[in-house]
Amino acid sequence: MSRGRHRILSAIGIGCYALAAIVGLFVLADHQGSGLLVPLWIAHGVLLAVLLTKLAADETGLSAALLVVGASLVAVYIADLARDDLTLERRGERISATVVREWLDPDQSRADHTYDYALARRDGTRLPGPALQAGSGSFALGQRVTVLADPRGELRPRIPGDLDATRDVLSVGAFALIALGVVAATARRGMTVSRRREERARLAEQEHILREALRTAAADPNGFVEVHPEHYPDVSHRRAAGIASELGLEPADDPGSWRFRG
């Protein structure tokens, strides 16, 4: 099997692994805590770094691994959001509730301020589960709002118009394609790097053979040493003249001639 074909098959295998890792970590995210997921993500990144460094044939494989892990992480995160939206669309109850309390959400990692809104049914009972989240001033105390609420109390209630699982699914696909694109680009770079190394090695070998030929060849009656350029297809005439000069030989008077005078 040629090296190029082997590299293509390796890229396909790594791409399939990256997709499988996205699916597997997405499934585990719903059942396992960070205590298991963090080591798995680290192991995933280390394995990708090893595979992609070998595929790239240079140190750029590490950067490629970081990009693939980043795209995979975003894809899993968005897929988790899409799962919640799909679940809420499937089993959620449409309820007309009243806003009974408002407070600043303690997690303010985002640039905009997010507020939590506690909701109650018509009979005054609170909706189970987490509070509704929205920006400041989105709702007023006592305002009635229609939401989709999780009867199990596991998911946050959402405004029906805010649910857009299709967009999330498309975003997951986009980031998965980014991960595959990075793998494909890495394989292409690896083929380029490998081809250049082979070319340099072939040129070095031909120059070594040419140097030995010039050193050991006997001069003709006119004092010229002649070599055949077809034996050194990657060596230019200028480079051949340079090698001859290193050995104390001078080019013949004929331009482009591979004859050298001792």
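Throughout this description, residue numbers start from 1 for each chain and increase along the sequence as written. A pLDDT threshold of at least 70 governs which residues receive local features in this predicted model, and a stricter bar of 80 or more applies before side-chain atom pairs are shown or counted, although totals over entire chains, interfaces and linings include all residues. Side-chain descriptors were evaluated using all non-hydrogen atoms of the structure, hydrogens and water having been removed beforehand.

### Some points on the packing of aromatic side chains
In plain terms, the rule: Here the aromatic set is Phe, Tyr and Trp, taking the six-membered ring for Trp, and pairing holds for ring centres within 6.5 Å; pairs whose planes are under 30 degrees apart are stacked, those over 60 apart are edge-to-face, and all others are tilted. Helix numbers and strand numbers start at the N terminus; a helix is a DSSP run of H or I with at least 4 residues, a strand a run of E with at least 2. Only protein chains enter the accessibility calculation, which uses a 1.4 Å probe; a residue is then buried when its area is under 20% of its type maximum, exposed when over 50%, and partly exposed in between.
If you walk through the whole model with that rule in mind, you get 2 aromatic pairs. Consider the rings of Tyr117 and Phe139, whose centres lie 5.3 Å apart with planes at 85 degrees: the pair is edge-to-face. Of this pair, Tyr117 sits in strand E2 (residues 114-120) while Phe139 sits in the loop between strand E3 (132-135) and strand E4 (144-149), placing them 22 residues apart in sequence. For the pair Tyr117 and Phe139, one class covers both residues: buried.

### Observations concerning the pattern of salt bridges
The condition is simple: Salt bridge, as applied in this entry: a Lys or Arg side-chain nitrogen positioned within 4 Å of an Asp or Glu carboxyl oxygen.
The full count for this structure, using the stated rule, is 10 salt bridges. One salt bridge connects Glu207 with Arg239, and the closest N-O pair in it is separated by 3.0 Å. Highlighted residues: Glu207 in helix H4 (residues 165-216) and Arg239 in helix H5 (residues 237-246), separated in sequence by 32 residues. Overall, the relative accessible area of 14% leaves Glu207 in the buried class. According to the relative accessible area criterion, Arg239 is partly exposed, its value standing at 30%. Arg239 is the partner of Glu246 in a salt bridge, and the nearest nitrogen-oxygen pair spans 3.7 Å. Among the ionic contacts, a cluster of salt bridges with common partners joins Glu207, Arg211, Arg239 and Glu246.

### Some remarks on the side chain of His44
The cut-off we apply is this: By definition, residues are in contact when any of their heavy atoms lie within 4.5 Å.
Note that His44 resides in helix H2 (residues 34-56). Classification of His44 as buried rests on a relative accessible area of 3%. Those residues in contact with His44, other than ones at most four positions away along the chain, are Tyr17, Ala21, Val69 and Ser72.

### Some points on the environment of Thr53
Along the chain, Thr53 falls in helix H2. Judged by its relative accessible area of 31%, Thr53 is partly exposed. On a C-alpha basis, the gap between Thr53 and Ile178 in space is 18 Å, while along the polypeptide they are 125 residues apart. With residues near it in sequence (within four places) discarded, Thr53 still touches Leu48, Asp58, Gly61 and Leu62.

### Let's talk about unusual backbone geometry
Phi at Ala57 is positive, roughly 65 degrees, even though this residue is not glycine. In this structure, Ala57 sits in the loop between H2 and helix H3 (60-91).

### A word on the sheet that holds E4
The cut-off we apply is this: Any two strands with at least two DSSP-identified bridges between them are counted as paired. For helices, the axis comes from a line fit to the C-alpha atoms of the stretch in contact; other axes are also lines fit to C-alpha atoms, and the angle between any two N-to-C directions lies between 0 and 180 degrees.
Pairing in this open sheet of 4 strands is antiparallel, and the strands run E3-E2-E1-E4 from one edge to the other. Each end of this open sheet is capped by a strand with a single partner; those strands are E3 and E4. Adjacent strand axes in the sheet meet at a mean angle of 55 degrees, parallel and antiparallel pairs treated alike. Bridge count between strand E1 (residues 93-104) and E2: 6 bridges; the pairing is antiparallel. Paired with Arg101 across the bridge in E2 is Ala118.

### Overview of the nonpolar core
Applicable threshold: To define a nonpolar core, start from buried Ala, Val, Leu, Ile, Met, Phe, Trp, Tyr and Cys residues and group those joined through side-chain atoms within 4.5 Å.
By size, the foremost hydrophobic cluster in this structure holds 26 residues, and its most contacted members are Ile14, Trp41, Leu48, Leu52, Leu55, Val68 and Val183. The set of elements that each furnish at least two residues to this core consists of helix H1 (3-29), H2, H3 and H4. If you tally residues by element for this core, the top one is H3, at 9 residues. Not counting residues within four places of it along the chain, the set of residues in contact with Val68 comprises Ala18, Leu48, Leu52, Ala179, Val182 and Val183. Among the nonpolar cores identified, the runner-up in size contains 14 residues, and Val227, Ile243, Ala244 and Trp258 belong to it.

### Regarding the packing of H1 against H4
For clarity, the threshold we go by: Angular relationships are summarised with four words: roughly parallel below 35 degrees, roughly antiparallel beyond 145, roughly perpendicular across 65 to 115, and oblique for the angles in between. Should the near helix be turned anticlockwise from the far one by less than a right angle, the crossing is left-handed, and should it be turned clockwise, the crossing is right-handed. Three classes are used: nonpolar for Ala, Val, Leu, Ile, Met, Phe, Trp, Tyr, Cys and Pro, charged for Asp, Glu, Lys and Arg, and polar for all others, with Gly counted as polar.
The geometry of H1 relative to H4 is characterised by a closest axis approach of 10 Å and an angle of 155 degrees between their N-to-C directions. When the interaxial angle is binned, H1 and H4 end up roughly antiparallel. Considering the relative orientation of H1 and H4, their crossing is right-handed. Residues Arg3, Gly4, Arg7, Ile8, Ala11, Ile14, Gly15, Leu19 and Ile22 of H1 touch H4, and the partners they reach there are Ala176, Leu180, Val183, Ala187, Gly190, Met191, Ser194 and Glu198. Across the contact of H1 with H4, the residue classes tally to 10 nonpolar, 4 polar and 3 charged.

### Some remarks on a nonpolar patch on the surface
As a reminder of what qualifies: The patches described consist of residues with a relative accessible area above 30% and no salt bridge, like charges being joined within 9 Å and nonpolar side chains (Val, Leu, Ile, Met, Phe, Trp, Tyr) within 5 Å. Computed with the Shrake-Rupley method and a 1.4 Å probe, the accessible areas treat only the protein chains shown as cover for residues.
A surface patch of nonpolar side chains, amounting to about 360 Å² of accessible area, comprises Val38, Ile42, Val46 and Val50. Along the chain, Ile42 turns up in helix H2. Among the residues examined, Ile42 registers a relative accessible area of 52% and is labelled exposed.

Bear in mind that shape data such as this cannot, by itself, settle questions of function.
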